[in-house]
Amino acid sequence: QVQLVESGGGLVQPGGSLRLSCAASGIIFSDYAMGWYRQAPGKQRELVAQITSGGSTYYLDSVKGRFTISRDNAKNTVYLQMNSLKPEDTAVYYCNARRVVTHWGQGTQVTVSS
């Protein structure tokens, strides 16, 4: 059974930082592209960052220079380091594992507010 378990969300003030983690089980983690999506109320889910099995990365323009995605294949975990957070980053953040089949985590809430 595939499981993606996110952690690290919470409430942070503008300009603050959070690190999200996603621990995977039930898959050959190193074979998968791993991504972080987010969905704000009333908006479509969007891809925030992705890291391929080979280590190539992609970032949404609005997070470039502020967010960093990384993976630790030995720990079956993908991370999203989020710095200089803005209120518009507020959303539920979802972990995604993609190969032939796509798997999703349950999501973790990130709220940026003073």
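Use the structure listed above.
Owing to the predicted nature of the structure, the values given are computational and were not obtained by experimental measurement.

**Details of the environment of S30**
Then, in step 1: Tracing the backbone shows S30 in the loop between β3 (18-25) and β4 (33-39).
Then, in step 2: Considering only alpha carbons, one finds S30 and W104, 74 residues apart in sequence, at a separation of 16 Å.
Then, in step 3: Residues in contact with S30, not counting those within four places in the same chain, are S53, R71 and N73.

**Considerations on the nonpolar core**
Then, in step 1: Counting 30 residues, the largest nonpolar core has M34, W36, V78, L80, M82 and Y93 as its most contacted members.
Then, in step 2: Only β3, β4, β5 (46-51), β7 (67-72), β8 (77-82), β9 (91-98) and β11 (108-112) provide two or more residues apiece to this core.

**Here we look at the pairing of strand β1 (residues 3-7)**
Taken residue by residue, a regular strand's side chains alternate between the two faces of the sheet.
Then, in step 1: Residues L4 and E6 line the buried face of β1, whereas the alternating positions Q3, V5 and S7 sit on a face that is not buried.
Then, in step 2: As judged from the 5 bridges shared by β1 and β3, these two strands associate in the antiparallel manner. By the bridge assignment for β3, Q3 is matched with S25.

About the criteria used
- Residues numbered from 1 in each chain as written.
- Predicted model: local features only at pLDDT ≥ 70, side-chain atom pairs only at ≥ 80, totals over all residues.
- Heavy atoms only, no water.
- Helix = DSSP H or I, 4+ residues; strand = E, 2+ residues; numbered from the N terminus.
- Contact = heavy atoms within 4.5 Å.
- Core = buried A, V, L, I, M, F, W, Y, C linked by side-chain atoms within 4.5 Å.
- Buried < 20%, exposed > 50% of the residue type's maximum accessible area, 1.4 Å probe, protein only.
- Pairing = 2+ DSSP bridges.

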